[in-house]
Amino acid sequence: MAIDLTGGLSDDREYVFPAQPDNPDMRESVNAWVWDDGVEFGLPRIGIEAAADQWDTHDIQVNIAFAGGRVLNMYGPRKVHDPLGADGKARVLGAGPLSFELVEPYRHWKMHLEGPAVVTSAEGQIGGWKRGVTGGPTVEVRLELDIRSAVPPWEGGTLLEEAGRVLATQEEGDLMGGPRFEQLSRVTGSLQVDDEVHELNGGGLRIRRAGVRRLATFRGHVWQSALFPSGRAFGLCLYPPRADGKATFNEGFLFEGDGALIPARVVDAPWLRELRPTGEDVSVTLETEDGRTTTLHGESLLSTFAVMGADIGSQRLNLQQAIARYTWDGETANGMMERSSVSDTVAR
């Protein structure tokens, strides 16, 4: 069977806004998690968030993590780039040192990054290092990536009827921020940090979102995905149980290397209970609609953290963005993981 890399989605959803939207609440983003096949470095989220009410600048976030705990970051608003490509179509979402360029919808993107990054560490972030810090030592970073899709896109809420109902009728949909899809890819390129050059040959997860994102009660989440050498893949996202007993968002998929995504839900998730940079068991179990269960054995490899005081009511928001190593029936691959919790009791 062939792989439909569009998943039936319109090409229009891949192009970026050509100009400032009229609705001040409208926003769009391109984000990517990128990993090498090795264990020495990874990129646990690089992205641009463009909000209509501050269109002269877009917010960027760059996380680069190394074995041993060193982390490089870029954060904050940067001057926007011209979105138009050579053909006059809106192909580029860029801000300051970072840009994403659409080459072919659902098949090919390029990423470019060049500028100074702040040097910190995973342990320093756990201790309270804040987003947006511009002081401290910096290094010059240059990144060139070629992102080529390998799996059909997954649009949250379209695989399981219950997941779609939750996004359409509850505040979980507000948190998602409007129409959104993600797509696993093969990624090649190079990362240069001062005089060190690292060749990258691995994978990535690219996320495309455009819509209105409203503030809503946030209770944490687990989000994981990986692409294996054979072409098999998985992805999932879920929120913790609600205090009112209502169902919450819980959806995922398995992919056997061709055909369509196989709908699944998570029955055992690695909730964030400890801020640990590496070596944590992050295995997850998915169940398909025919009752078959599949366990992806996982271990955290490279992490970045944000620990944000009492930013959520009277509790602390803990966020981990990481690269993990997963094993599925003896086949191993690196992949992404993002987890969060709203709790003062998470160990650190």
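Residues numbered from 1 in each chain as written. Predicted model: local features only at pLDDT ≥ 70, side-chain atom pairs only at ≥ 80, totals over all residues. Heavy atoms only, no water.

### A look at unusual backbone geometry
Note the following rule: By the criteria applied, helices consist of DSSP H or I runs no shorter than four residues and strands consist of E runs no shorter than two, each listed in order from the N terminus. Note on exposure labels: buried denotes an accessible area under 20% of the residue type's maximum, exposed denotes more than 50%, and partly exposed covers the range between, all computed with a 1.4 Å probe on protein chains only.
Of note, D194 is a non-glycine position whose phi angle comes to about 50°, a positive value. Here D194 is to be found in the loop between β10 (180-193) and β11 (196-212). Positive phi values are uncommon outside glycine, yet D329 reaches one of about 50°. Mapped onto the fold, D329 is located in the loop between β18 (315-328) and β19 (331-342). On the basis of relative accessible area, D329 is assigned to the exposed category, the value being 69%.

### Notes on the nonpolar core
For clarity, the cut-off: By nonpolar core we mean a set of buried residues, namely Ala, Val, Leu, Ile, Met, Phe, Trp, Tyr and Cys, connected to one another through side-chain atoms within 4.5 Å. Any pair of residues with heavy atoms lying within 4.5 Å of one another is described as a contacting pair.
Grouped together as the largest cluster of nonpolar side chains are 36 residues, with contacts concentrated most on L98, F100, M111, V141 and L145. Not counting chain neighbours up to four residues away, the residues in contact with M111 comprise A32, I46, L98, S99, F100, L143, E144, L145 and I147. Ranked by size, the runner-up nonpolar core spans 29 residues in total, among them V151, A233, L302 and M336.

### Observations concerning the pairing of strand β1 (residues 26-36)
Put simply, the rule is: Here the rule is simple: two strands pair whenever DSSP picks up at least two bridges between them.
With nine of eleven residues buried, β1 lies mostly within the body of the structure. Here eleven bridges tie β1 to β11, and the two strands are oriented antiparallel to one another. In the strand pairing of β11, W33 is matched with L205. Bridging between β1 and strand β2 (residues 41-51) involves eight bridges; their strand directions are antiparallel. Residue pairing across strands places S29 opposite E49, the latter belonging to β2. Where β1 folds back onto β2 in an antiparallel hairpin, the turn is made up of four residues.

### Overview of the pairing of strand β5 (residues 92-95)
Both faces of β5 are covered, namely the face carrying V92 and G94 and the face carrying L93 and A95. Relative to strand β6 (residues 98-104), β5 is paired through four bridges, and the arrangement is antiparallel. The residue of β6 that forms the bridge with A95 is L98. Count of turn residues in the β5/β6 antiparallel hairpin: two residues, of which G96 carries a positive phi of about 55°.

### Regarding the side chain of T288
Rule in force here: Pairs of N or O atoms within 3.5 Å make up the polar contacts considered here, provided that, within protein, one atom can donate a hydrogen while the other can accept it, and that residues adjacent in sequence are counted only when both atoms are side-chain atoms.
On the secondary structure map, T288 appears in strand β16 (residues 284-288). Among the polar contacts listed, one links the side chain of T288 to the side chain of D290, at a separation of 2.5 Å. When near neighbours in sequence (up to four residues on either side) are disregarded, T288 contacts L254, I262, P263 and A264.

### Regarding the environment of L159
With respect to the element layout, L159 can be found in the loop between β9 (154-155) and α2 (161-169). Spatially, the C-alpha atom of L159 lies 7.8 Å from that of A264, the residues being 105 residues apart in sequence. Not counting residues within four places of it along the chain, the set of residues in contact with L159 comprises W154, E251, G252, F253 and P263.

### Topic: the packing of aromatic side chains
The relative placement of two aromatic rings is captured by the distance of their centres and the angle of their planes. In plain terms, the rule: The criterion for an aromatic pair is that two Phe, Tyr or Trp rings (for Trp, the six-membered ring) have centres within 6.5 Å, with stacked assigned to planes under 30 degrees apart, edge-to-face to planes over 60 apart and tilted to the rest.
Counted by the stated rule, this structure contains seven aromatic pairs. Each ring, one from W154 and one from F253, has its centre 5.6 Å from the other, and the planes form 65°; the classification is edge-to-face. Within this pair, whereas W154 is found in strand β9, its partner F253 is found in strand β14 (residues 250-255), the two being separated by 99 residues in sequence. Look at W154 and you get buried, because its relative accessible area is 3%. On the basis of relative accessibility, which here comes to 3%, the residue F253 falls in the buried class. With a centroid separation of 5.7 Å and 75° between ring planes, the pair formed by F228 and W328 is classed as edge-to-face. Here the residue F228 occupies a position in the loop between β12 (220-227) and β13 (233-238), and W328 occupies one in strand β18, the gap between them amounting to 100 residues. For the residue pair F228 and W328, the accessibility class agrees, reading buried in each case.

### Focus on the environment of H221
Among the secondary structure elements, H221 is positioned in strand β12. In this structure H221 comes out as buried when scored by relative accessible area, which is 7%. In this structure the C-alpha to C-alpha distance between H221 and N201, which are 20 residues apart in sequence, comes to 29 Å. If we skip the residues at most four places from it in the chain, H221 touches L238, Y239, P240, W271, L319, E338, R339 and S340. Among the polar contacts listed, one links the side chain of H221 to the side chain of E338, at a separation of 2.7 Å. For H221, the side chain forms a polar contact with the side chain of S340, separated by 2.6 Å.

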